[in-house]
Amino acid sequence: MRDAAPQTTYLADYTPFGWLVESVDLHFALAPHATRVRSTIRFVPDRTAPKQEFFLHGEGLDLISARVDGAPVTPDVKPDGLTCVVPETPFTWEAEVEIDPASNTALEGLYQSNGMYCTQCEAEGFRKITFYPDRPDVMSIFTVTIEGPHPVLLSNGNPVETGENHAKWHDPWPKPAYLFALVAGDLVAHTDSFTTKSGRDVTLNLYVRPGDEGKCAFGMQALKASMRWDEKVYGREYDLDLFNIVAVDDFNMGAMENKGLNIFNSSAVLASPETSTDMNFERIEAIIAHEYFHNWTGNRITCRDWFQLCLKEGLTVFRDSQFTSDLRSAPVKRIGDVIELRARQFPEDQGPLAHPVRPESFQEINNFYTATVYEKGAEVIRMLKTVVDDDAYYRALDLYFDRHDGQACTIEDWLKVFEDTTGRDLSQFKRWYSQAGTPHLSVTEDWQDGKLTLTFRQHTPPSKATPNPQPHVIPIAVGLISPNGDEVAQTRLLEMTEPEQSFVFDGLGARPVASILRDFSAPVILEHDLSGADRAHLLAHDTDPFNRWEAGRTLARDSLIAMITDGAEPDPGYLRGLHAVITDSSSDPAFRALMLGLPGDNDLATTLHKSGVTPDPDAIYTAREAMRDAQAATLEDDLLQLYQANLVTDSYEPNADQSGKRSLANGILSLMARRDRGTQAAAQYDAATNMTQQLSALGILIHAGQGDEKLKAFETQWHHDRLVMDKWFGLQVSAASPDDAVGVAEKLTQHPDFNWKNPNRFRAVFGSLAAHHAGFHHASGKGYALLADWLIRLDPLNPQTTARMCSAFQTWRRYDKDRQAMIGTQLDRILATEGLSRDTTEMLTRIRHA
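Residues numbered from 1 in each chain as written. Predicted model: local features only at pLDDT ≥ 70, side-chain atom pairs only at ≥ 80, totals over all residues. Heavy atoms only, no water.

## Things to note about the overall build of the protein chain
Stage number 1. Within the protein chain, the secondary structure is distributed over 27 helices and 31 strands.
Stage number 2. Here the C-alpha radius of gyration of the protein chain, 27 Å, is about what a compact globule of 850 residues would show, namely 29 Å.
Stage number 3. Across its three principal directions, the C-alpha atoms of the protein chain cover 85 × 65 × 60 Å.
Stage number 4. Within the protein chain, the fraction of its 850 residues that count as buried is 60%.
Stage number 5. When contacts within the protein chain are restricted to residue pairs at least 6 apart in sequence, long-range pairs at least 24 apart make up 70% of them.
Stage number 6. By element, 48% of the accessible surface of the protein chain is carried by carbon and sulfur atoms, the whole surface being about 31700 Å².
Stage number 7. Distance from the positive charge centre (81 side chains) to the negative charge centre (119 side chains) of the protein chain: 1 Å. (Helix = DSSP H or I, 4+ residues; strand = E, 2+ residues; numbered from the N terminus. Rg over C-alpha atoms; globule rule 2.2 N^0.38 Å. Buried < 20%, exposed > 50% of the residue type's maximum accessible area, 1.4 Å probe, protein only. Contact = heavy atoms within 4.5 Å. Areas by Shrake-Rupley, 256 points an atom, 1.4 Å probe, with all protein chains shown as cover. Lys, Arg positive; Asp, Glu negative; His and termini not counted. Charge placed at Lys NZ, Arg CZ, Asp CG, Glu CD.)

This is how it looks when you write it as structure tokens:
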């Protein structure tokens, strides 16, 4: 267990390491409880760095011996590392340590998963393997020898020697320790190949446990598509002879981009039509692309320190979003990204966990793998591309790769290549990296004599992280729709730099409806006082798919808020507009499926809270259910035809066309169940030939109170498949009624297949409970108590997963005093736990004292 005493690290205190590392040679003798690691490291003093004590990170290591230039030394070993007297000239450091992978339940460093050895070293896991300067700006060439009784022994780079119980690997590309990887076990390879545009033949392997071979084809297809796309769009080729992926069941994150040896959570790489949904396929495609794209944006060019994490993650998230947009539907992908941003990042930016895209300080870096760093970081890259234009963006990226290949860089390095490419001063744009909070962008209109003046005002609420925010550069994409539905002004990009600015559109024959923030051109909260009629006009006629969706979403939100606060009926104007969109067979089915969606519970709670109304989770749930009933009634005469028209009977393909149709058909099926009590859903379940149809039907039946029989049948059918059973666990909680959700979750924790030490299974139950707004916030407080019980239990074993689950409590201050008191009691109970990890301590302290 780590020392939980908070120690804050500051960006301003950055100091380069005092030595360069010329080479690293590691030797592993694997044993479950007594793995021996021998390291031979060549250090050269860095005369440009400040003089400092020689310090190597290390945690939980049993030091057997240490030598400097062959002579035994006795370092001063501390809980977080060691110090030692070393020569002022180049020297060779040798050490032997013993570690216990089988007991490593934190899943950081070297650990075991179902008998397989694997590693996770980002951010600070390598220090649990051997003593080393475990920081991203220390880059070196690694040679790794592995000995152990396992048929597959893998590490980074290319194989040098292979033999029985022995393998040696060499990675010619310098890398920081967080990119080190090792895998050993009884694995089966799904093998393919790829030829780069310059003619390099690359062997591709996807290693899985025996029995999972049938779930590899799509992952390999996605990898090859990613390699082709990166060559075509960014001009980036792969640089080794071998690319390996390994699927691991016990993994805290989705995947890890270790050089040449990507390690994936099984759920993020294994797929088949029978066991995976369309959403699983799209997620796998995106994650494989993301990790592959890191080869250049993260590996070849890495971050100088962990404050620069957004440099690799924000850029790579943006690149994987581009990839998905190109392979699937760009408008649907954009809408999905914004839904995710508003659901995860906006609450973070507006609550106690707010921090800039590049933080100024941290206590535990694992707590900053956040939606702000990833998703908002990607939005900042998108804005930068918008501001400088596409051509300048790609020229700047070419310069970035040429100038900084093999380096550990900063946000300043990143922005400098754009300044040098375009001649622009980006110092104000840099505020997107340094200021926390979501800017509010308000707009007022003035219409006179054929001239429309739009006046914008920007304001970012102050926070503890940014007490005095300054104006941002905000790109605002605007179009104009005439009263007859024509687009009288195509998209025009306005660049706002002041607290208040006006822009004029003239030569107009009649007052248009302004379509503002097209394609969500900036991650802001837009305050535009349009009438319901104007929003309905945009819903019917806007040529920008995002803003057309946004108009419908806003109409639905406004109606729901009125239902919650005033007891109003569902807005007939919204329902008429919805009917027109959903029954328009010329429109993309995936887009129509998104139009069926309603603002989420958290979205509505946030809206209420901002307007000064204390959100009532039960009232929100009731209003959304009533709106669903109203949707079903509005579309009643069309439901069967819509369902049949979009029911895919062809052989299953996880492509955009089929996925969109299945998404719409399942959305319609959920409305049909409100009229037929699940009769059609039961028929779909029985006839399902793929997991998308089967799981959707099962969730609909559970919600309709008709799912008991099918739940048992599903468990019987899939009890042998761990990833499908994760779905079975999660679905029962998410589809339960508010009164039943906590009880269902608690009952599932007693199920013999509830392996709470496995992050996927734990998240399946408790992630689903935390996402069930009315269930988790049940007035009894039992949801808070149940989650607290299990966080206290999990924290000693897996601090990372525990800390990330604590975000379920981050919005607690917006609820009524009774709920606040109950949550406060649970937060205090967890914080009072003896030996609480620093990961969880930092998260809960920030939440509790907001």
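## Concerning the sheet that holds strand β29 (residues 500–505)
Stage number 1. Spatially, four strands are ordered β29-β26-β25-β31 in an open sheet, and the strand pairing comes out mixed. The open sheet has two free edges, formed respectively by β29 and β31 (525–528), since each of these has just one partner strand. Adjacent strand axes in the sheet meet at a mean angle of 25 degrees, parallel and antiparallel pairs treated alike. (Pairing = 2+ DSSP bridges. Axes fitted to C-alpha atoms, helices over the stretch in contact; angles between N-to-C directions.)

## Some remarks on the sheet that holds strand β20 (residues 255–256)
Stage number 1. An order of β17-β18-β19-β21-β20 is seen for the five strands of this open sheet, with the pairing classed as mixed. Whereas interior strands pair on both sides, the edge strands pair on one side only; in this sheet they are β17 (188–195) and β20.
Stage number 2. One ladder, built from five bridges, connects strand β19 (residues 242–248) with strand β21 (residues 261–265); its direction is parallel. Residue pairing for β21: I245 is matched across the bridge by N262.

## Remarks on the packing of aromatic side chains
Stage number 1. The final tally for this structure, using the stated rule, is 48 aromatic pairs.
Stage number 2. Above the ring of W173, the side-chain terminus of R300 is found at 3.8 Å from the ring centroid.
Stage number 3. K385 extends its terminal NZ or CZ atom over the ring of Y393, reaching a point 5.9 Å from the ring centre. (Phe/Tyr/Trp six-rings, centres within 6.5 Å; stacked < 30°, edge-to-face > 60°. Lys NZ or Arg CZ within 6 Å of the ring centre and 35° of its normal.)

## Some words on the layout of surface pockets
Stage number 1. Estimated volume of the second largest pocket: approximately 1600 Å³.
Stage number 2. Looking at the lining of the second largest pocket, the elements with two or more residues in it are β1 (9–10), β4 (55–57) and α27 (838–848).
Stage number 3. Residue composition of the lining of the second largest pocket, grouped by class: 20 nonpolar, eleven polar and 19 charged. (1 Å grid on protein atoms, 1.4 Å probe; cavity = no way out; pocket = protein on both sides within 12 Å on 5 of 7 lines; lining within 4 Å. Points joined across faces, edges and corners; volume = space filled by probe spheres on them. Nonpolar A, V, L, I, M, F, W, Y, C, P; charged D, E, K, R; others polar.)

## Quick notes on the pairing of strand β14 (residues 158–163)
Stage number 1. Alignment of β14 against strand β15 (residues 166–175), held across five bridges, turns out to be antiparallel. Note that in β15 the partner of G163 across the bridge is H166.
Stage number 2. Two successive antiparallel strands, β14 and β15, enclose a turn made up of two residues, where N165 displays a positive phi of approximately 60 degrees.

## Side note on unusual backbone geometry
Stage number 1. Of note, the bond from E122 into A123 is cis; its omega dihedral lies within 30 degrees of zero at 10 degrees.
Stage number 2. Tracing the backbone through its elements, the reader meets A123 in the loop between β11 (116–120) and β12 (140–147).
Stage number 3. In this structure, N165 takes a positive phi of about 60 degrees despite not being glycine.
Stage number 4. If you trace the backbone, N165 turns up in the loop between β14 and β15.
Stage number 5. A residue is classified by how much of its surface remains accessible, and N165, at 34% relative accessible area, is partly exposed.
Stage number 6. In this structure, F520 is a non-glycine residue whose phi angle is positive, near 50 degrees.

## Examining helix α9 (residues 532–541)
Stage number 1. Of all the positions in α9, only R535, H537, L538 and L539 are classed as buried.
Stage number 2. Here the buried face of α9 lies against β27 (474–481), β30 (513–516), β31, α10 (545–566), α11 (572–582) and α12 (589–596).

## Topic: the packing of helix α16 (residues 656–676) against helix α18 (residues 691–703)
Stage number 1. Packing of α16 against α18 leaves a shortest axis separation of 10 Å and a crossing angle of 20 degrees. Relative to α18, the element α16 is oriented roughly parallel. Note that α16 runs across α18; the crossing there is right-handed. Along its contact with α16, which presents R662, N666, L669, S670, A673 and R674, the element α18 presents T692, Q693, S696, A697, I700 and H703.
Stage number 2. Broken down by class, the residue content of the contact of α16 with α18 amounts to four nonpolar, six polar and two charged. (Parallel < 35°, antiparallel > 145°, perpendicular 65-115°, else oblique. Left-handed = near helix turned anticlockwise from the far one by under 90°.)

## Some points on the environment of A850
Stage number 1. As for its position among the elements, A850 is in the segment after α27.
Stage number 2. Remark: the alpha-carbon pair of A850 and P570, spanning 280 residues in sequence, is separated by 36 Å.
Stage number 3. Not counting the four nearest positions on each side in its chain, A850 is found in contact with P352 and R813.

## Concerning the packing of α11 against α12
Stage number 1. Look at α11 against α12: their axes get within 10 Å of each other, and the N-to-C directions meet at 160 degrees. Considering the angle they form, α11 stands roughly antiparallel to α12. Taken as a pair, α11 and α12 cross one another with a handedness that is left-handed. Along the contact surface, α11 presents Y574, L578, V581 and I582, while α12 presents F591, R592, M595 and L596.
Stage number 2. The residue inventory of the contact of α11 with α12, partitioned by class, reads seven nonpolar, no polar and one charged.

The quantities given are spatial measurements derived from coordinates; they are silent on function.
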